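Secondary and tertiary structure notes
The primary structure of each chain is shown beneath.
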Amino acid sequence: MSASEEPVRFTGIRRAEQNLVTGEDATAGCPSGDAGMPGSGSGCKLSRRSLLGGAAAVGAAAAASAAALEVFGGSAKPAAADTSSTAGSSSSGPAHQWAMVLDLRNCDGCKACTMACQQRHSLWPSQEWIKVYTMTTAAGGTYHMARPCQMCEDPPCLYVCPVGATFRTDEGLVLVDQDACIGCRTCMAACPYEARYFNWGDPKPAAKIPGMPRSPDWPVPQVKDTVGKCVWCADRLPKGELPACVAGCPMGVIYIGDLTTDVAINGLGNVVRLSEFIRDNDGVRFQEEYGTSPRVWYIPGHGQDLNSDSATA
Amino acid sequence: MADVTQREQSGDGYGDGDGNGNGNGNGNGYSHGDGYGHGDGHGDGDGGLRALAMRPVLRPGRWWAPTVGVLALIVAWGVAAWVVQYHRGLGSAGYNDHAFWAIYIADVVTFIGVSYGGAVVSAILRLTGAEWRAPLTRIAEGTAVVTVLIGGAFIFPHLGRPERILELIYRPNLSSPIFWDFVAVSTYAFASMVFFYLPLIPDLADAADRVTAAGRPRLGRLYRLVSWRWRATPAQRRILSGSVGLVAIMIIPLAVSVHSVLSWAFALTSRPWWHESIWAPYFVVAALYSGIALVIVIVALFRKLYGLQALIGERHFVRLGFILAPFGAAYLYLTLADFLPGGYVGDHGVAAVFSSVLVGRYAIGFWLFVVGGCIAPLLVIAIPRLRHTRQIVAAAVLVDLALWLKRMIMVVAPANYGRISGLFGSYHFTWISVSVTLAGVAAIPLLLLLLFRVVPILSVAEIEELAHAEQQVHIPSPAVIPAPTPVGVNTRRQPSDLLGRPATFDIAPETP
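Definitions and limits used
- Residues numbered from 1 in each chain as written.
- Chains lettered and ligands numbered in written order.
- Predicted model: local features only at pLDDT ≥ 70, side-chain atom pairs only at ≥ 80, totals over all residues.
- Heavy atoms only, no water.
- Helix = DSSP H or I, 4+ residues; strand = E, 2+ residues; numbered from the N terminus.
- Buried < 20%, exposed > 50% of the residue type's maximum accessible area, 1.4 Å probe, protein only.
- Lys, Arg positive; Asp, Glu negative; His and termini not counted.
- Salt bridge = Lys/Arg side-chain N within 4 Å of Asp/Glu carboxyl O.
- Polar contact = N/O pair within 3.5 Å; in protein donor to acceptor, adjacent residues only side chain to side chain.
- Contact = heavy atoms within 4.5 Å.
- pLDDT = per-residue confidence, 0-100.
- Axes fitted to C-alpha atoms, helices over the stretch in contact; angles between N-to-C directions.
- Left-handed = near helix turned anticlockwise from the far one by under 90°.
- Nonpolar A, V, L, I, M, F, W, Y, C, P; charged D, E, K, R; others polar.
- 1 Å grid on protein atoms, 1.4 Å probe; cavity = no way out; pocket = protein on both sides within 12 Å on 5 of 7 lines; lining within 4 Å.
- Points joined across faces, edges and corners; volume = space filled by probe spheres on them.
- Phe/Tyr/Trp six-rings, centres within 6.5 Å; stacked < 30°, edge-to-face > 60°.
- Lys NZ or Arg CZ within 6 Å of the ring centre and 35° of its normal.

1. Comments concerning the side chain of glutamate 171 of chain A
Residues and elements named next belong to chain A. As for its placement among the helices and strands, glutamate 171 is situated in the loop between strand S4 (166-168) and strand S5 (174-176). No salt bridge forms around the buried glutamate 171; measuring N to O, its nearest opposite-charge neighbour arginine 295 is 8.9 Å away. In this structure the side chain of glutamate 171 is engaged in a polar contact, spanning 2.9 Å, whose partner is the side chain of tryptophan 98. Residue contacts for glutamate 171: discarding those within four places in its chain leaves Pro94, Ala95, His96, Gln97, Trp98 and Arg295.

Below, the structure is given as structure tokens:
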């Protein structure tokens, strides 16, 4: 990320912050052109450094930007994270509790998120870790709904795994150790969101990236005859980078957020106060009746104003 | 010493008899027993029964090796198919993300299910003291052992990464139903082997010298080794009978637990039709139903192969049919009880799956199961004109085929159903999955043929003991020595039990 780009990022943050305060529409802080370039490792990248710069410029007056800093001020560089103490969120627990909000009002079903994910993780076309469903409402209308892993707080897939190959990090990510998975597929049976995809044959070849061996965070390439799933780009989050789908969504539908600091950000650079954003927009969680406590909230809608189509899952 | 001498005598007598029988050909294994025993009143029935029990071990017949060869080839073909599958990935067996469970888990459930029948038929008949069981128990218990091993083996093709299966031991997740499946199936498999082994001890002790005399000294040594110096002392008999009774009692709840836990691999997920409280008893009843049917099939097969018609007659099949029928009726009832509430209320997932099963893409299979697997067998057993060996065996074959089909539907329909899209995926059979499954089917007779090549096919001690008990009640005079009678005619013999006491046993009439 060159220094000249930083003001752009910063502008994005500040606009987002205005959005929070004034309710104005935020404009794109990141050109959507370079979104959807997974594998390059950039996407719409809000680097920790650029955010730090932004925060320094604005000061800690705006809680949102400080919190946004906290979202992306990862544990990867604790020394730098110390400067963010103004966020006042440091406690003994884990630094983050990751969450997502999908603002379906803006989703046009283009599947850029799916493709971004598949490129980044070297997946076959049938392996739609984030899958865009076209849903039908009771009134006969349709809307699009992207379904990443819901990162349940009570994940059924984890409970049924006979060898503990599925585990949940203390930051709330449900991941799979594909070097332990015995391929019994009980997790696929258990997941109410059908978010798991098996490698029924050889995985799609992936170029080896030096210094990035396969891990539950970075399950690339996939492992034959084991199960894979959306990981929210767990390797990027600590580095202050956006998941591929978030960065790849040209409509800014997908927000990645942190329950600890109560902030979320989308690929357009819009930053929102997570709890308010969900509450004010009647966010719901998908299939909440299964009691899995997903970490994904949906704001119902389909590219139209709020009240026309009350599509709930 | 007296025991040993007597055994040796019997062994000699047996050897003669077998020689005769062999000369006469393999057509009917029992005929030779009469000819030789004439001169030796004591060894008569003894040698006949023992000859019959040991015939598969010592002289199974010319058909044996080719049959085993063909079955072994089928199994080898299946294993080869599995190796190909392992290299290509599970997709080569027809699996995909919308059919993530299919044929192999249905095979696991089917084979472990039929195992239950063998164990429970034997256990219940033992516990209730049903005397007619005696010629069946060894075959039933052997079937239980063999099928649980095959069912367990189907876990390997079912898993994507079978080489990691030991993780179940060194890094288990105790909240997983699959882990408890593993525990329950292993425990049950071990128990079924114990249940097979314990009643075998007196027979092996009895046959040790006999097989040595017949030119199988190594087998004789093995028999002596595993029969633990059994001398049929009253103390030994008391211990053995207590142990068999205890295992017979224990194996019933153990098997209930196996099939319950197997069902919970499905029912503990939230998928429509799998997530049903009725599934545990449903699986248990299905296991009993299909298992008793398999006992009927296997008993019929081995009766024919080894000429056991004199001991196992139509009455055995009719009685097994009478045990089979209530389970068939119960299974039909549970099927109704399974479908009615979900179908009546019509939650959209459940309604979609149920309509696919009852009137949709799986309907042909489902109604074949209802008619062929439940109603037809029930009619065969209910209508006296149909209630004959051949028809009952045919009905039992139908039951096993239909219940496999039912399990396929139970596995595939909910797995196919897309819970978010509401669309159905599909599972396709491939040559690999069919080959592996057929190998499992062929492995049942193969392993039983091999098993009864090393252990007596009849529970001689048990037959004699029951015959003795019967004689104590009904026939006060043991002195009657029957004249030789033609094959297939009801006759009374006088074998000795293991204590050397004279006894009689009843050989059932049989009209082929």
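So that's the structure; there's more coming.
2. Description of the confidence of the model for chain A
Residue and element names in this part refer to chain A. On average, residues of chain A carry a pLDDT of 76, and 67% of them reach 70 or more. Of all the helices and strands in chain A, helix H1 (residues 6-22) carries the lowest mean pLDDT, 35, while S5 carries the highest, 97. Every residue in residues 1-90 is under pLDDT 50, and counting partners more than four places away or in other chains gives 125 contacts.

3. Quick notes on unusual backbone geometry
Residues and elements named next belong to chain A. Of note, the amide linkage connecting valine 220 to proline 221 takes the cis form, showing an omega dihedral of -5°. Locating proline 221 in the fold gives a position in the loop between strand S6 (196-198) and strand S7 (227-229). Non-glycine residue glutamate 194 carries a positive phi angle of around 50°. Along the polypeptide, glutamate 194 turns up in the loop between helix H7 (186-190) and S6. Phi is positive for glutamine 287, which is not a glycine, with a value near 50°.

4. Focus: the packing of helix H14 (residues 314-345) of chain B against helix H16 (residues 363-382) of chain B
Residue and element names in this part refer to chain B. Packing of H14 against H16 brings their axes to within 9 Å, and their N-to-C directions diverge by 145°. Regarding H14 and H16, the two cross each other, and that crossing is left-handed. Where H14 approaches H16, its residues Gly321, Phe322, Leu324, Ala325, Gly328, Ala329, Tyr331, Leu332, Thr335 and Phe339 are matched on the opposing element by Phe366, Phe369, Val370, Cys374, Ile375, Leu378 and Ile381. Here the contact of H14 with H16 is composed, by residue class, of 14 nonpolar, 3 polar and no charged.

5. Concerning the layout of surface pockets
There is about 680 Å³ of room inside the largest pocket. If you trace the largest pocket, you find 29 residues lining it, with Gln287 and Tyr290 of chain A together with His348, Gly349 and Arg419 of chain B closest to the centre. Put simply, the parts of the chain that give the lining of the largest pocket at least two residues each are strand S2 (131-136) of chain A together with helix H15 (348-358) of chain B. Among the elements that take part in the lining of the largest pocket, S2 of chain A stands out by supplying 6 residues, more than any other. Of the residues that constitute the lining of the largest pocket, the class distribution is 12 nonpolar, 11 polar and 6 charged.

6. Notes on the packing of aromatic side chains
Two descriptors summarise a pair of aromatic rings, namely the distance from one centre to the other and the angle between the planes of the rings. Residue and element names in this part refer to chain B. Overall, the coordinates contain 36 aromatic pairs over all chains when judged by the stated rule. Ring centres 5.2 Å apart and planes at 80° place the aromatic pair tryptophan 101 and phenylalanine 266 in the edge-to-face group. Highlighted residues: tryptophan 101 in the loop between helix H4 (64-88) and helix H5 (103-127) and phenylalanine 266 in helix H12 (residues 234-267), separated in sequence by 165 residues. The same class applies to tryptophan 101 and to phenylalanine 266, which are both buried. Over the ring of tryptophan 64 we find arginine 453; its NZ or CZ atom is 4.9 Å from the centre of that ring.

7. Regarding the pattern of salt bridges
Counted by the stated rule, this structure contains 16 salt bridges over all chains. Here aspartate 235 of chain A makes a salt bridge to arginine 120 of chain A, at a shortest N to O gap of 2.6 Å. With aspartate 235 of chain A in the loop between S7 and helix H8 (244-248) and arginine 120 of chain A in helix H5 (residues 112-121), this pair connects stretches of sequence that are 115 residues apart. The pair aspartate 235 of chain A / arginine 120 of chain A is uniform in exposure class, with both members buried. Across the pair glutamate 288 of chain A and arginine 285 of chain A runs a salt bridge whose closest N-O atoms are separated by 2.5 Å. Look at glutamate 288 of chain A and you get partly exposed, because its relative accessible area is 39%. Look at the salt bridges and you will find they share partners, linking Arg126, Arg133, Glu141 and Glu462 of chain B into a network.

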